[in-house]
Amino acid sequence: MSRDPILSLPWPGARPLADEFFDRDAQQVARELLGKVIRHRVDGRWLAARIIETEAYYLVDKGSHASLGYTHKRRALFLDGGHIYMYYARGGDSLNFSAHGAGNAVLIKSGHPWVDAISPADALAAMQRNNPDAQGQPRPAGRLCAGQTLLCKSLGLKVPDWDGQRFDWQRLFVEDVGERPATIIQTARLGIPHGRDEHLPYRFVDAGHARHCTRNPLRRGQVEGRDYQLIEDIHP
């Protein structure tokens, strides 16, 4: 997408990730997305969540959607890095970004609400209204985006609106707010059926937010070196 780097900004000083950020190896993108913030403008509010859990997928993985072959629905997976691929999972919407190489992508597995001057407390309240608990009450912030469908529901992201699209800096983008995890957990992806490369360690979790991700890789019984690896600050 051709755009003026200054005039296209949603506000002065915004730091949206360029398409080039995504046009790299899927595992590198998955790691470096941790700490970045998804911003989605809904009814004049910027709803926001810090990315705390991702999964990388490749065309050659039996567990990837792309391994099933090209279809019009999956076209975003085969386009340049930075295209949005959304699909329905477990009755909800899921968010993915294409990476470098046809069929390679990153799934945004979970996040944590982000509150700042752009996305203040009323934006968090709107996210809680989007995604109440089973009793219709506001879901605790730590569980609001703790899973790929919960994340999308809280942020108001829907398959018909964004599947196959590029980022729109006035409506949806990922921002570098200067946050990055000190330690990253690398482990196997979740929900991959037996025999479909379920062992591949392509899941990445911000260790500081591990208790808020889909399934805590540091839970009791898990052993470093066997069940997961720790990566210390991989950013330059």
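Conventions used here
Residues numbered from 1 in each chain as written. Predicted model: local features only at pLDDT ≥ 70, side-chain atom pairs only at ≥ 80, totals over all residues. Heavy atoms only, no water. Buried < 20%, exposed > 50% of the residue type's maximum accessible area, 1.4 Å probe, protein only. Helix = DSSP H or I, 4+ residues; strand = E, 2+ residues; numbered from the N terminus. Arc of directions from axis to C-beta. Contact = heavy atoms within 4.5 Å. Phe/Tyr/Trp six-rings, centres within 6.5 Å; stacked < 30°, edge-to-face > 60°. Lys NZ or Arg CZ within 6 Å of the ring centre and 35° of its normal. Polar contact = N/O pair within 3.5 Å; in protein donor to acceptor, adjacent residues only side chain to side chain.

### So, helix 3 (residues 121–130)
Of the positions making up helix 3, those classed as buried are Ala-123, Ala-126 and Met-127. Angularly, the buried residues of helix 3 cover 100 degrees about the axis, an arc narrow enough to put them on a single face. The outward face of helix 3, more than 90 degrees from its buried face, is lined by the exposed residues Ala-121 and Arg-129. On its buried face, helix 3 sits against strand 2 (45–57), strand 5 (105–113), helix 4 (141–144) and helix 5 (148–155).

### Examining the packing of aromatic side chains
By the definition in use, this model includes 10 aromatic pairs. Centre to centre, the rings of Trp-11 and Phe-173 are 5.8 Å apart; their planes meet at 50 degrees, and the pair counts as tilted. Highlighted residues: Trp-11 in the segment before helix 1 (19–22) and Phe-173 in strand 6 (residues 172–175), separated in sequence by 162 residues. An identical accessibility class is assigned to Trp-11 and Phe-173; each is buried. Among the aromatic residues, those joined into a ring-pair cluster are Phe-21, Phe-22, Phe-97 and Phe-167. The lysine or arginine in question, Arg-24, covers the ring of Phe-21, its NZ or CZ lying 4.6 Å from the ring centre.

### Quick word on the environment of Thr-187
Tracing the chain through its elements places Thr-187 in strand 7 (residues 183–187). By relative accessible area, which is 8% here, Thr-187 ends up buried. On a C-alpha basis, the gap between Thr-187 and Arg-226 in space is 9.3 Å, while along the polypeptide they are 39 residues apart. Look past the residues within four positions of Thr-187 in its chain and what remains in contact with it is Leu-200, Pro-201, Tyr-202, Arg-203, Pro-217, Asp-227 and Tyr-228. Here the side chain of Thr-187 touches Asp-227 through a polar contact of 2.8 Å, landing on its backbone oxygen.

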